[in-house]
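Descriptive analysis of the structure
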Amino acid sequence: LGTLVFGVAHELNNPLSNISTSCQILKEEVEDGDVEFRRELLAQIDAETDRARDVVRSLLEYSRSKEKRSFSFRRAADETIRFMRVEIPAGVNIKTGIPEDLALYGDRQMIQQAILNLVKNAVDAVQGEGEVSLRAFRDDGDVVIEVADNGAGIARERLAKIFDPFHTSKEKGYGLGLFIVGNIVDDHGGTISVDSTPGQGTVFTIKLPAEGS
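Read on for a plain summary of the structure. Please read these numbers as outputs of a predicted model, since none were measured by experiment.

This next bit is on the nonpolar core. Judged by nonpolar contacts, the single largest core of 39 residues is most densely connected at F73, L104, I111, V119, V132, L134 and I145. For this core, the secondary structure elements donating two or more residues are α3 (73-83), β2 (92-97), α4 (108-125), β4 (130-139), β5 (142-149), α6 (177-187) and β7 (201-209). The greatest single-element share of this core, amounting to eight residues, is contributed by α4. If sequence neighbours within four positions are ignored, I145 has contacts with F73, L104, I115, L134, R135, A136, F204, T205, I206 and L208.

Here it is in structure tokens:
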């Protein structure tokens, strides 16, 4: 909790500080005739406001009340991939292998958010050219979901921290994606693990209780 609170404070303080600075400059230059300069400052305020809003939105999406029901995981996964098609580079091949009759009991939107985060991470890992696979199958009383890529992999010293809030190696982003994925899986009574080899790729494995189990 302390790590999360510190991270939220840090992520919100940065845009608020930038907004405050831009406002102070605008107040001092209010009589200045340089309209373009004032437009740049207002654009910075707008962008930093969006940045702060995105942090809050991510946390609200995680903490909102959950509505659980039975749904087709195949349809939910296909819909998720379809939503993000425009963000997938032409050189990245997305492969799916999910039985049509595979059902899950849970919050459909939250499960889709978890899959979206994992697939987006996998797409980023292959750096514009490679393969990402999403497959699922039954294993006794569980549904196993695997998201794999043949990208850069994750260094061993980072593996223990990847589900921590605000832990990220990306230039853009807030490091909340895998933290939220982990909590979604936990809320559904499941587990998530990762296996990665630098230079060869990464596999995230989720195990969730099957419908009715």
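Structurally, R39 can be placed in helix α2 (residues 35-63). Expressed as a C-alpha distance, the spacing of R39 and L26, which sit 13 residues apart in the sequence, is 9.8 Å.

Note: strands within a sheet are paired through backbone hydrogen bonds, in either parallel or antiparallel orientation. Reading across the sheet, the five strands line up as β2-β4-β5-β7-β6 and stay open at both edges, with mixed pairing between neighbours. Two strands in the sheet have a free side with no partner beyond their single neighbour: β2 and β6 (191-197). Along the sheet, successive strands turn relative to each other by an average axial angle of 10°, direction set aside. Sheet topology places β4 next to β5; eight bridges connect them, and they run antiparallel. Looking at the pairing, R138 lines up with V143 of β5. This element, α6, spans β6 and β7 of the sheet and lies at about 140° to β6.

Here Q127, not a glycine, exhibits a phi torsion of approximately 55°, which is positive. Within the element layout of this structure, Q127 appears in the loop between α4 and β4. Judged by relative accessible area, Q127 falls into the exposed class, the value being 66%. One non-glycine residue, D140, lies in the positive phi region at around 55°. On the accessibility criterion, D140 (76% relative accessible area) is exposed.

With that out of the way, let us pick up the pattern of salt bridges. Applying the stated rule across the entire model yields nine salt bridges. A salt bridge links E79 to R108; its shortest N-O distance comes to 3.2 Å. Within this pair, whereas E79 is found in helix α3, its partner R108 is found in helix α4, the two being separated by 29 residues in sequence. For E79, a relative accessible area of 19% translates into the label buried. Taking the relative accessible area as the measure of exposure, R108 reaches 17% and is therefore buried. A salt bridge links E146 to R135; its shortest N-O distance comes to 2.9 Å. Here the residue E146 occupies a position in strand β5, and R135 occupies one in strand β4, the gap between them amounting to 11 residues.

The rules behind these values
Residues numbered from 1 in each chain as written. Predicted model: local features only at pLDDT ≥ 70, side-chain atom pairs only at ≥ 80, totals over all residues. Heavy atoms only, no water. Core = buried A, V, L, I, M, F, W, Y, C linked by side-chain atoms within 4.5 Å. Buried < 20%, exposed > 50% of the residue type's maximum accessible area, 1.4 Å probe, protein only. Helix = DSSP H or I, 4+ residues; strand = E, 2+ residues; numbered from the N terminus. Contact = heavy atoms within 4.5 Å. Pairing = 2+ DSSP bridges. Axes fitted to C-alpha atoms, helices over the stretch in contact; angles between N-to-C directions. Salt bridge = Lys/Arg side-chain N within 4 Å of Asp/Glu carboxyl O.

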